[in-house]
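Spelled out from the first residue to the last, the chains are:
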Amino acid sequence: MNNHYPHLFEPLDLGFVELRNRVLMGSMHTGLEDRRKDFEKLAVYFAERVRGEVGLIVTGGIAPNRVGWLAPFSGKLTNRSELERHRLVTDAVHDEGGRICMQILHAGRYAYHPFSVAPSAIKSPINPFRPRALGRHGVERQIRAFVRCAVLAREAGYDGVEIMGSEGYLINQFLVPRTNTRTDEWGGSAEHRIRFPVEIVQRVREAVGHDFIIIYRLSMLDLVEEGSSREEVVQLGRAVEHAGATLINTGIGWHEARVPTIQTSVPRAAFSWVTARMKHELRLPLIATNRINMPDVAERILANGQADMVSMARPLLADPDWARKSREGRSQEINTCIACNQACLDHVFRNERASCLVNPRACHETELNFVRTRKPRRIAVVGAGPAGMACATVLAERGHEVSLFEASDRIGGQFNLARCIPGKEEFAETLRYFEVQLKLTGVDIQLGQRVTASELLAEDFEVFVLATGVTPRIPDIPGIDHPTVVSYVDVLEGGVEPGRRVAVIGAGGIGFDVCEFLTHATGVNGADVGSWQREWGVDPDFHRRGGLRQARPMPALREVYLLQRKSGKPGAGLGKTTGWIHRTALKNRRVEMLSGVSYERIDDDGLHLRIGQQSRLLTVDHVVVCVGQEPLRELQAPLAAQGRPVHLIGGADLAAELDAKRAIDQGMRLAASL
Ligand code: FAD
Ligand code: NAP
Ligand code: SF4
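Residues numbered from 1 in each chain as written. Chains lettered and ligands numbered in written order. Predicted model: local features only at pLDDT ≥ 70, side-chain atom pairs only at ≥ 80, totals over all residues. Heavy atoms only, no water.

Asker: What am I meant to see in the overall build of the chain here?
Answerer: Along the backbone of the chain there are 22 helices and 27 strands. Whereas a compact globule of 674 residues would reach a radius of gyration of roughly 26 Å, the chain reaches 26 Å, a difference of no more than 12%. The C-alpha extent of the chain, read off along each of the three principal axes, is 75 × 65 × 45 Å. Evaluated residue by residue, the chain yields a buried proportion of 61% over its 674 residues. A sequence separation of at least 24 residues applies to 73% of the contacts in the chain between residues at least 6 apart. Of the roughly 26,300 Å² that the chain leaves accessible, carbon and sulfur atoms contribute 48%. Each charge class in the chain can be summarised by its mean position, and for the 84 positive and 81 negative side chains these summaries are 5 Å apart. (Helix = DSSP H or I, 4+ residues; strand = E, 2+ residues; numbered from the N terminus. Rg over C-alpha atoms; globule rule 2.2 N^0.38 Å. Buried < 20%, exposed > 50% of the residue type's maximum accessible area, 1.4 Å probe, protein only. Contact = heavy atoms within 4.5 Å. Areas by Shrake-Rupley, 256 points an atom, 1.4 Å probe, with all protein chains shown as cover. Lys, Arg positive; Asp, Glu negative; His and termini not counted. Charge placed at Lys NZ, Arg CZ, Asp CG, Glu CD.)

The following block contains the structure:
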């Protein structure tokens, strides 16, 4: 029995196979599944997670036929000529002693191409393509495609398949009146609507034999109008059990749902209650999902009997050794997924290879490696923000002698401000990770040291890395020195207590975050699952189909205006998968967002604006300036003048469009090259 997390590390006996622990690496599209040439990389990526002791892996979605493709030329398994590339993956996983299932995903009306099919010709609100309604033969062809795909997966060496029945993809579309208006034997009554997945599971089981894992991903809470009712979910779960599934995984929310399900502001384990309810209804082992990112959370779910396994996708991108570190009681060393979506889902939705903000090696394991140096050098890294911490730890890990200078009395740079934003509490985990990592790698940290060039030159450093970050930009607006004008730094650090009415100049990421901070009634760590459910309209009692109810946003703490000069939607530059959440949250708290603004002056009356031909006065108590930053690199010239190598990373290099993803990536890549 494991002393640290006994339930998490209890093996799970599936009858014909035993899983070494309860950690499932959930399906996550990385982009590596889509091209034959990338399967080597995919194999290395999975093998690294097996060495990290994950119990069972599920691949990203693989289409069973072309019409089911998520997008043209995305991953599919339809014939034997494709087996070889999949064997690279299964061999790599088995060579390391791991187990892997392939997810079969038919996109249905979510397919981003003109050949999509669905039970009925109803267009999705998030896809421009209208699907073709399947005829009876068409339905039969899709079922056969699932079966053929599962048989091929077995031939390719997979230990099983996951049949993707949630998130609003084809199977889910058959289940509910929202997308299925058929009147034949595949639509109408609940029995008819659930027939499609039940046939698939039954026929797959018949074709693959008894000793092959079939995970069915059951949409337990659709979070869309006209989704499944609670009774229908139970009915389907039982039917799928009966049809021959081995494990039932939890699906939460369709992609078109207007409720966030995995983003950082969603409380940890916010949906474990959904799986827990099904524990009373079903016999098969159940897998809990969504916002489980640390072992104590996972252990609690299992110990409380809410589920039999926990699924994590992004946390295993962030740290391939998650399970091993947990088993060894080294959870403080886990590089925690902060649920930002910035390098994983945002990339995938832009058709780019996934990676991870806190771990740029994710999906780049064959390209970015931290090899021990043969020529250790004395290196000074100045600035302990994300760029400097990432660079210093990798340099030290590689064997260099590293001193890290930080002006403030704590590490973290701007992440110390980011973690003050309600809903961004997870950012503190990155600071904890680096704090531990700096100690483990033996970096000499000098806090409270705003070093000068002459101090640095007085020591025998061979290389300088400047990670000194940025200074907030000051806009050229008459009255900018008025006492009511403050910087976002003053507000977030607590130096200024803003009044009841506030104008925020600049609607970038920081402007949005400051509005969240100003309006949030409960502050950081305030969102318990119950109040979060009320805010977003999630009904734990499942009174209506889909599990939705009227959203009851918390009243705003202040009256806030968010302003930008550009015309067009504020927040257009925010994350692809998260921008809508920030905009909705602020709209719910009645933040007035104004675009196409020109700033005339600030005086005792407030902020004078012009929007088009109209003048407007905002009678506010404070004006918070969030208009971007400029690089801080005053040390560069004097150091370079002495002829020693000087490297700039993060904000010190380029402040425009800077984020922590770029800062950490740049820091680690430089460190890998020195
Ligand atoms: P910084 O974090 O600015 O660190 C620079 C460090 O150098 C500072 O600690 C400073 O004290 C130190 N320093 C400067 N000069 C000296 C000197 N002479 N001697 C010693 N030390 C010195 N990014 C995201 O990707 N996602 C987000 O959701 C996100 N949210 C944010 C929310 C807020 C409220 C803020 C303010 C920022 C957010 N960011 C976010 C941006 C992100 O924090 C920055 O992009 C990142 O911190 C930049 O890293 P850096 O290491 O280049 O610089
Ligand atoms: P930003 O994204 O560059 O936004 C600055 C805003 O200020 C712009 O919207 C700009 O819009 C306005 N502006 C710029 N110069 C101005 C001027 N001279 N006068 C008046 N307005 C001006 O910068 P930021 O919000 O400070 O964010 C910094 C970085 O942190 C961002 O690049 C972002 O990636 C990162 N960040 C990310 C997140 C996230 O959730 N991913 C959150 C916070 C921060 P107009 O010119 O139209 O007015
Ligand atoms: Fe998690 Fe962000 Fe990394 Fe995605 S990019 S895995 S959400 S930390």
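Asker: Would you mind going over the site of ligand 3 with me for this structure?
Answerer: Ligand 3 sits among R314, C337, I338, A339, C340, N341, A343, C344, C356 and L357. Along the lines of polarity and charge, the residues of the shell around ligand 3 split into 8 nonpolar, 1 polar and 1 charged. (Near = heavy atom within 4 Å. Nonpolar A, V, L, I, M, F, W, Y, C, P; charged D, E, K, R; others polar.)

Asker: Is there a simple way to explain the sheet that holds strand β11 (residues 286-288) in this structure?
Answerer: Working definition: the strands of a sheet are paired by backbone hydrogen bonds and lie parallel or antiparallel to each other. Pairing is parallel in the closed barrel, where 8 strands are placed in the order β3-β4-β5-β8-β9-β10-β11-β12. The sheet shows a mean angle of 30° between the axes of neighbouring strands, direction not considered. As paired elements, strand β4 (residues 56-62) and strand β5 (residues 100-104) share 4 bridges and run parallel to each other. Note on β5: the bridge partner recorded for V58 is C101. Here helix α2 (residues 83-95) sits on the sheet in contact with β4 and β5, set at roughly 150° to β5. Strands in contact with helix α3 (residues 136-155) are β5 and β8 (160-165); relative to β5, the strand with the most contacts, it is inclined by about 160°. (Pairing = 2+ DSSP bridges. Axes fitted to C-alpha atoms, helices over the stretch in contact; angles between N-to-C directions.)

Asker: Mind showing me how you'd approach the pairing of β8 here?
Answerer: Regular strands place side chains that alternate from one sheet face to the opposite one. Within β8, 6 of the 6 residues are buried, which leaves the element mostly enclosed by the surrounding structure. Of the two faces of β8, the one carrying G160, E162 and M164 and the one carrying V161, I163 and G165 are both buried. Across 4 bridges, β5 lies against β8 in parallel orientation. Looking across to β8, one finds that I104 is bridged to I163. Relative to strand β9 (residues 213-221), β8 is paired through 6 bridges, and the arrangement is parallel. The residue bridging G165 from the neighbouring strand is L218, located in β9.

Asker: Got a minute to help me understand the domain arrangement of the chain in this structure?
Answerer: Note: interface size is frequently given as the accessible area lost on complex formation between the parts. Considered domain by domain, the chain is made up of domain 1 (12-336), domain 2 (378-472 + 632-673) and domain 3 (485-521 + 556-627). A C-alpha centroid distance of 30 Å is found between domain 2 and domain 3. Of the residues lining the interface, 7 residues belong to domain 2; the matching set on domain 3 comes to 10 residues. Regarding the contact of domain 2 and domain 3, the summed buried area is about 810 Å², with carbon and sulfur atoms giving 72% of it. It is L417, I421 and P422 that lose the most area in domain 2 upon contact with domain 3, and together they represent 58% of the buried surface on that side. In this structure, the connection of domain 2 to domain 3 is made through 1 salt bridge. Salt-bridge contacts for D513 lead to K424; the nearest nitrogen and oxygen are separated by 2.6 Å. Here domain 2 is connected to domain 3 by 1 residue pair in polar contact (both at pLDDT 80 or more). (Domains from an automatic or database assignment. Buried area = accessible area lost by both parts, 1.4 Å probe. Salt bridge = Lys/Arg side-chain N within 4 Å of Asp/Glu carboxyl O. Polar contact = N/O pair within 3.5 Å; in protein donor to acceptor, adjacent residues only side chain to side chain.)

Asker: What is the right way to read the packing of aromatic side chains from this model?
Answerer: The description of an aromatic ring pair rests on the distance of the ring centres and on the angle between the ring planes. As enumerated under the stated definition, the model contains 13 aromatic pairs in all. When the centroid spacing of 5.8 Å and the interplanar angle of 90° are considered together, the rings of F271 and W532 count as edge-to-face. Residue F271 is found in the loop between β10 (247-252) and α8 (272-279), and its partner W532 is found in helix α19 (residues 529-536); the two are separated by 261 residues along the sequence. The buried category is assigned to F271, whose relative accessible area is 1%. (Phe/Tyr/Trp six-rings, centres within 6.5 Å; stacked < 30°, edge-to-face > 60°.)

Asker: I keep staring at unusual backbone geometry and nothing clicks. Help me out?
Answerer: Glycine aside, a negative phi is what most residues show, and trans is what most peptide bonds show. The phi dihedral of L223 is positive, around 60°, even though this residue is not glycine. On the secondary structure map, L223 appears in the loop between β9 and α7 (230-243). In this structure L223 comes out as buried when scored by relative accessible area, which is 1%. With a phi angle near 60°, E226 is a residue other than glycine that sits in the positive phi range. By the secondary structure assignment, E226 is in the loop between β9 and α7.

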